[in-house]
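A look at the structure
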2 protein chains.
Amino acid sequence: MGGALTAKGRATRDRIVHGAAEVLRDRGVASATLDDVLSRTGTSKSQLFHYFPEGKDQLLLAVAQLEADQVLADQQPHLGCLDSWDAWSRWRDAVVERYEEQGDHCPLGSMFLQIGRDTPGARAIVVELLRQWQEHLATGIRAMQEAGHVPAGLDVDRAAAALLAGIQGGVTILLSTGRSDHLRAALDQGIAGLRPISVP
Amino acid sequence: MGGALTAKGRATRDRIVHGAAEVLRDRGVASATLDDVLSRTGTSKSQLFHYFPEGKDQLLLAVAQLEADQVLADQQPHLGCLDSWDAWSRWRDAVVERYEEQGDHCPLGSMFLQIGRDTPGARAIVVELLRQWQEHLATGIRAMQEAGHVPAGLDVDRAAAALLAGIQGGVTILLSTGRSDHLRAALDQGIAGLRPISVP
DNA sequence: CGAAAAATGGACCAGCAAGTCCAATCCGAT
DNA sequence: ATCGGATTGGACTTGCTGGTCCATTTTTCG
């Protein structure tokens with residue numbers, strides 16, 4: 001596995017990972033089998049185990065990483081420049097749209113049930129995703145603070161944490177019920193909480 | 001299955017369901033087998049399939065219902081009488097404590113990955129749980145409103161939805177990271193959002 | 001070119017777990 | 001007591017799925 005990977009090999013490996021991601025999206029983690037992946041990607045078992053010697057878990061981990069990267073990528077460029085109320089609003093819409101489109105499957109969430117949350121690699125992926133996500137939010141809030149749009153006294157990290165929790169929960173509920181009301185409410189309230197108190 | 005259940009039969013059925021719940025908590029849904037349940041409860045396969053003719057899914061569904069009921073029960077009596085700021089504070093502490101103790105497993109969440117979210121029964125259970133939960137919150141907010149502790153103009157259902165989303169997300173993050181910061185932040189901010197704007 | 005390394009095909013294996021079946025036993029009602 | 005239905009025991013079947021193995025082809029590189 002070291003560095004011995006030709007261009008062809010890398011291509012095959014990528015094909016397997018991406019194909020596996022598709023299969024997991026379609027069939028769900030619980031019922032997706034290696035043979036599904038093989039037939040979808042037109043590869044053989046020996047190839048799969050050649051590139052993922054540790055088997056299914058290793059493949060799932062690779063897919064999890066792929067999906068994790070996608071989560072933040074799908075929120076760009078909005079998430080990267082939260083420096084005006086308008087930008088926050090556009091980001092909000094992007095988040096709602098992304099998860100409404102995603103439908104009723106949760107590529108990342110399901111994966112950790114299968115792999116086990118305490119696997120060294122698995123936990124690291126989700127922790128790192130959450131960290132980066134929250135950092136982006138905090139950066140945005142600080143930018144607003146410096147521009148005087150958000151009260152200076154506001155606890156940035158706490159606000160970012162609460163907002164992130166609201167999103168997570170909103171998505172969870174969207175997955176369970178098919179309705180995005182909670183996600184919208186959480187986003188709106190989270191953002192509203194940043195605004196300075198309007199003195200009548 | 002109809003009404004033909006003697007006292008002994010009912011006892012056995014209950015023993016199986018509760019034993020299954022224990023096994024799922026210990027081993028996790030993914031790796032729990034029917035044989036685990038049997039050896040834990042000292043029953044035989046024919047008994048299990050006698051009381052759950054539709055097999056494993058039916059058993060999991062029964063366990064899911066059990067766990068769903070437990071979620072709200074564990075928040076009582078606080079959740080039922082959210083009529084003062086002090087009561088809200090006690091409820092908050094109860095929620096945090098409950099989920100900190102629960103550790104890193106999510107009996108309900110994991111179950112739906114296994115059963116499939118679109119199973120007729122599965123979705124109904126979680127939807128009903130969320131509905132009741134949110135209703136309790138809304139009732140509490142309305143009580144506070146009538147007592148004049150919460151601004152009359154506040155959109156109760158929206159606030160309850162956002163708070164519920166925050167809790168869900170906080171718990172999700174607690175499960176993933178082991179830290180309860182987000183849950184606490186979401187609860188605090190959600191409750192703080194109810195308070196009237198303090199005019200300096 | 002030619003050898004070594006990488007990539008590939010696909011048959012095969014092993015184990016496990018859900019579900020079936022039938023015989024044996026218990027229990028309540030007549 | 002006894003008859004019928006409820007309950008129980010546990011061996012057996014069946015299908016699937018992750019994983020192994022080795023022969024073959026392709027690529028790389030001196």
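Let me begin by describing the structure that accompanies this report.

Structural notes on the interface of chain A and chain B
Every contact between the two is made by 36 residues of chain A and, on the other side, 36 residues of chain B. Summed over both sides, the interface of chain A with chain B buries roughly 2,900 Å², with 62% coming from carbon and sulfur. Considering only the side of chain A, the residues that lose the most area to chain B are Arg117(A), Ser176(A) and Gln189(A), jointly responsible for 18% of the buried surface there. Viewed at the interface, chain B and chain A are joined by 2 salt bridges.

Considering empty space enclosed by the protein
Taken as a whole and assessed by the stated rule, the structure comprises 4 cavities of 30 Å³ or more. Contributing to the lining of the largest cavity are 47 residues, with Cys106(A), Gly109(A), Thr172(A), Leu175(A) and Thr172(B) lying nearest its centre. Here the lining of the largest cavity gets 7 residues from one element, more than from any other, and that element is helix α8 (residues 156-177) of chain A. Taken together, Ala162(A), Leu163(A), Gly166(A), Ala186(A), Gln189(A), Gly190(A), Ala162(B), Leu163(B), Gly166(B), Ala186(B), Gln189(B) and Gly190(B) form the lining of the second largest cavity. Looking at the lining of the second largest cavity, the elements that each hand over two or more residues are α8 and α9 (181-192) of chain A together with α8 (156-177) and α9 (181-192) of chain B. Here the lining of the second largest cavity is built from residues that sort into 6 nonpolar, 6 polar and no charged.

What about the nonpolar core?
Leu59(A), Trp88(A), Trp91(A), Trp133(A), Leu137(A), Ile141(A) and Ile167(A) are the most contacted members of the largest nonpolar core, which has 62 residues in total. Each of two domains, domain 1 (7-53) and domain 2 (62-192) of chain A, supplies a minimum of three residues to this core. If near-sequence neighbours (up to four positions away) are discounted, Trp91(A) is found in contact with Gln75(A), His78(A), Leu79(A), Leu82(A), Trp133(A), Leu137(A), Leu163(A), Ile167(A), Leu187(A) and Ile191(A). Membership of the second largest hydrophobic core comes to 61 residues, among which are Ile173(A), Tyr51(B), Ala68(B) and Phe112(B).

Here's the deal with the protein's contact with DNA strand D
If you check the shell around DNA strand D, you find 21 residues, and the closest are Leu34(A), Lys56(A), Thr6(B), Ser46(B) and Gln47(B). Note that a base oxygen of DNA strand D is positioned 3.1 Å from one of the side-chain N or O atoms of Lys45(A). Broken down by secondary-structure element, the contributors of at least two residues to the surface near DNA strand D are α3 (45-51) of chain A together with α1 (7-27) and α3 (45-51) of chain B. Counting residues per element, the surface near DNA strand D draws most heavily on α3(B), at 5 residues. Considering only residue class, the surface near DNA strand D consists of 6 nonpolar, 10 polar and 5 charged.

Looking at the relation of the copies chain A and chain B
Under the fitted operation, chain A is carried onto chain B by 0.0 Å of movement along the axis and a turn of 180°, and the coordinates agree to an RMSD of 0.1 Å. The two molecules are tied by a two-fold rotation axis, judged by turn and shift. An overlap of 100% is found between the interface residues of chain A and their copies at the interface of chain B, pointing to a shared contact surface.

What counts as what
Residues numbered from 1 in each chain as written. Chains lettered and ligands numbered in written order. Predicted model: local features only at pLDDT ≥ 70, side-chain atom pairs only at ≥ 80, totals over all residues. Heavy atoms only, no water. Contact = heavy atoms within 4.5 Å. Buried area = accessible area lost by both parts, 1.4 Å probe. Salt bridge = Lys/Arg side-chain N within 4 Å of Asp/Glu carboxyl O. 1 Å grid on protein atoms, 1.4 Å probe; cavity = no way out; pocket = protein on both sides within 12 Å on 5 of 7 lines; lining within 4 Å. Points joined across faces, edges and corners; volume = space filled by probe spheres on them. Helix = DSSP H or I, 4+ residues; strand = E, 2+ residues; numbered from the N terminus. Nonpolar A, V, L, I, M, F, W, Y, C, P; charged D, E, K, R; others polar. Core = buried A, V, L, I, M, F, W, Y, C linked by side-chain atoms within 4.5 Å. Buried < 20%, exposed > 50% of the residue type's maximum accessible area, 1.4 Å probe, protein only. Domains from an automatic or database assignment. Near = heavy atom within 4 Å. Polar contact = N/O pair within 3.5 Å; in protein donor to acceptor, adjacent residues only side chain to side chain. Least-squares fit on C-alpha atoms with pLDDT ≥ 70 in both.

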